[in-house]
Amino acid sequence: MRHVLVVGAGIVGAALADALAPECRVTVVDEGTPGRGTTANGFAWINANRTLDETYFDFRVAAMREWERLAREFGTPQWHVPAGNLMWADNEESRAELAARVERLLSRGYPARFLSPADVAVIEPAVRVPDDAHVAHFPGEAFAHASQAAQALVKRAKSAGARLITHHRVVTLTQDHGRVNGVELATGDLITADHVVCAAGWQSSRILGTAGVRLPLVDAHAPGSPAPGLTATTTPARLLRGVIHAPRMHLRPDWNGGLLLAARDLDVATDLATPAATMEARAVELLARARDILPGLEPGVAVRDVRRGVRPMPEDGFPLVGPVLPGLYVAVSHSAVTLAPHLARLIAREVLDGTPAEALAPYRPGRGGGHTSATAFV
């Protein structure tokens, strides 16, 4: 039976293991535990809301439908929350941008509408919106408790026969006669396979570099890099149903009953060198902003934790998916949560059948002059 080794048990690797396990031998290796890296530290908003490129928009909409299919398979799990998204604008420039976006999305058949204050009160009773704000609702959008989703996908893959190796760092790819045939772990152990799929997020550049492949990702270690980001969670505060995008922050329910908080200005100001004390201060600022939006937030609600995630960010913003050397395939995307189940289904067919998926053609790693080879499909 064909053996596929998946490097990385974040949301993409977990979804891929789940898609492959019923049809082949699968080994998943991760330096931590499933879903506990970047997957656990992002906002996990499932959408095609801001996507201008029409091909990529269609790809993301298909991915949203794939999440719905997956949720039906799992019996409507709590880790997939199709509760919609509220977004508002409070100045002339942002109102014009939001109006243009709603018009564009409606022209593409994407559910979107403007709401009255009374409508907002029905959908999110705890939310206070400024009187002069223009509020849009996107009812087809969702969010995921992505760490729990990854764990559920790995669990199902294991029940279908997949092997999971955790807390082991991949230090290099191994090759035999010009074909990637496995990995070496930090322990010195070797794992061989017929195909290796690197789904290691921002670590993919390091891993592929051991085989001489440059992956065009934003350097997470560069000072001021946009790849690292900041989110915070609170103690229990069951006030929200869905996603909220306010002008100065974003928030949604967290798995543990509190709120998940983020803000673009604080996010982009965070890099790998940002001290813990600074991150903690920014988390306190996020909670203060949340109180402006949720006047019913009880005084005792506090910051539960602050998280620094490192996002894999392709240089041109689009996914990097496909063969890079014989025997070696890569699957890396900035919008990993939105895309993961859809990518997994397409990649599984490519790896197992050897037939390129037309939907993945725009996202090949070689589009920017990197390494790619059609022979990697066989």
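Data block above holds the structure.
Okay, so let's go over this structure. (Residues numbered from 1 in each chain as written. Predicted model: local features only at pLDDT ≥ 70, side-chain atom pairs only at ≥ 80, totals over all residues. Heavy atoms only, no water.)

1. Focus on the side chain of His245
Then comes step 1: Along the chain, His245 falls in strand E15 (residues 243-246).
Then comes step 2: Among the polar contacts listed, one links the side chain of His245 to the side chain of Asn85, at a separation of 2.9 Å.
Then comes step 3: In contact with His245, other than residues within four places in its own chain, are Phe43, Trp45, Arg50, Asn85, Leu86, Met87, Trp88 and His250. (Helix = DSSP H or I, 4+ residues; strand = E, 2+ residues; numbered from the N terminus. Polar contact = N/O pair within 3.5 Å; in protein donor to acceptor, adjacent residues only side chain to side chain. Contact = heavy atoms within 4.5 Å.)

2. Here we look at the sheet that holds strand E16 (residues 249-253)
Then comes step 1: The sheet built from eight strands is open, its strands ordered E6-E7-E5-E15-E16-E17-E14-E18 with mixed pairing. This sheet does not close on itself; its edge strands, each paired only once, are strand E6 (113-115) and strand E18 (303-310). Taking the axes of each pair of neighbouring strands and ignoring which way they run, one obtains an average angle of 25 degrees across the sheet.
Then comes step 2: As defined by bridge partners, strand E5 (residues 85-89) adjoins strand E7 (residues 134-138) across five bridges and the pair is classed as antiparallel. Across the sheet, residue Asn85 finds its bridge partner in E7, namely Phe138.
Then comes step 3: Strands E5, strand E14 (228-234), E15, E16, strand E17 (259-262) and E18 of the sheet are contacted by helix H9 (residues 276-293), whose axis makes an angle of about 115 degrees with E18. (Pairing = 2+ DSSP bridges. Axes fitted to C-alpha atoms, helices over the stretch in contact; angles between N-to-C directions.)

3. Let's talk about the packing of aromatic side chains
In this description, an aromatic ring pair is defined by two values, namely the gap between the centres and the angle between the planes.
Then comes step 1: Across all of its chains, the model carries seven aromatic pairs by this definition.
Then comes step 2: Judged by centre distance (5.7 Å) and plane angle (55 degrees), the ring pair of Phe57 and Tyr110 falls under tilted. A residue pair is termed long-range when its members are at least 10 positions apart, and Phe57 in helix H3 (residues 54-73) and Tyr110 in the loop between helix H4 (92-107) and E6 qualify at 53 residues. With respect to burial, Phe57 and Tyr110 carry one shared label: buried.
Then comes step 3: For the ring pair Phe59 and Tyr363, a centre distance of 5.1 Å and an interplane angle of 55 degrees mean the geometry is tilted. (Phe/Tyr/Trp six-rings, centres within 6.5 Å; stacked < 30°, edge-to-face > 60°. Buried < 20%, exposed > 50% of the residue type's maximum accessible area, 1.4 Å probe, protein only.)

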